[in-house]
Amino acid sequence: MGVSQRYLDSWESYWRETSDAPGEAIWDSAPSLTAVPHCDILLPHADPALPVVDLGCGNGTQTRHLATRFARAVGVDLSHAAIEHARRADTEKVAEFEQLSLVDREAVRALSERVGDTNVYMRAVIHQSEPQDRPVVAGAVATLLGTRGRAFVVELTSASKAVLQRASQDPGGPPAKLRRVFDHGLKPAGASDEEVPRLLTEAGLRIVDSGDTTLPQTEYLADGTRIDLPARWFVLAPA
């Protein structure tokens, strides 16, 4: 089982056409806005002596911060081009990066065997996965945790659609970074608010804590307002 060719091609083309400039991807926000506060929520529940795996790491911006908070950080992404970005950006070699499809159960199990029980960081992956793949993505989190790991998962909520719609209706059309997402056939905020926690619990995960937040983007509306997408976070443990 694997992702559809269309989905894979969309992500490969997106990352191939994205420069190495920080913030060039709309979701490539500074760790101070993302991984830093997220780690502050996760770490009271997690053992930092365990590794952490960043699922859907993209160009590795957050992974490199995770490497300062956990004993070992591994970033994985479906896109080969994204992993190439991440390796180039990691000039001090603080993290490890590898291409991995989260719907490839065998590959996920192999990663789990290599790293052992691990913490997981996953930012906005379920919501943009194709519907048939979302349960398998949630299952990958459970597999990687083993018995001792903890996870921080944050996903866009349905309210983010209104923000994206407002951005798309600016006089000049969608801002450039958002337009590129649409041009490559990527579909943000695809999962419903009820679907995400259901998928996580059905995958064998226990919700330890949760809360509302936003995911700051690197793009702005015509009036200069930063695009902050409504989201919900979950701290998870093996059930």
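Note on numbering: residues in each chain are counted from 1, in written sequence order. Two thresholds apply to this predicted model, a pLDDT of at least 70 for residue-level local features and 80 or more for giving and counting side-chain atom pairs, whereas whole-chain, interface and lining totals are computed over all residues. Hydrogens and water molecules were not included; the side-chain quantities draw on all heavy atoms of the structure.

A separate point is the pattern of salt bridges. Salt bridges are identified by distance alone: a Lys or Arg side-chain nitrogen within 4 Å of an Asp or Glu carboxyl oxygen. Taken as a whole, this structure holds eleven salt bridges when the rule is applied. The salt bridge involving arginine 134 is made with glutamate 195; its shortest N-O contact spans 3.2 Å. You can see arginine 134 sitting in helix H6 (residues 134-145) and its partner glutamate 195 sitting in helix H9 (residues 195-202), a full 61 residues away along the chain. For the pair arginine 134 and glutamate 195, a shared accessibility class is recorded, and that class is buried. Residue aspartate 228 pairs with arginine 226 through a salt bridge whose shortest N-O separation is 2.7 Å. Three labels apply to residues, based on accessible area from a 1.4 Å probe with only protein chains included: buried if under 20% of the type maximum, exposed if over 50%, partly exposed otherwise in between. Given a relative accessible area of 32%, arginine 226 falls into the partly exposed group. Numbering of helices and strands starts at the N terminus; helices are DSSP runs of H or I of at least 4 residues and strands are runs of E of at least 2.

For strand S5 (residues 151-156) and strand S7 (residues 226-238), the ladder comprises six bridges, and the chain directions are antiparallel. Residue phenylalanine 152 lies in a different strand from S7, and its bridge partner there is valine 235. Pairing between strands requires that DSSP locate at least two bridges from one strand to the other. Strand direction decides the pairing type here: strand S6 (residues 205-220) and S7, joined by twelve bridges, are antiparallel. By the bridge assignment for S7, arginine 206 is matched with alanine 237. In this antiparallel pair of consecutive strands, S6 and S7, the connection spans five residues, and glycine 224 shows a positive phi of 90 degrees.

These values are about where atoms sit, not about what they do.
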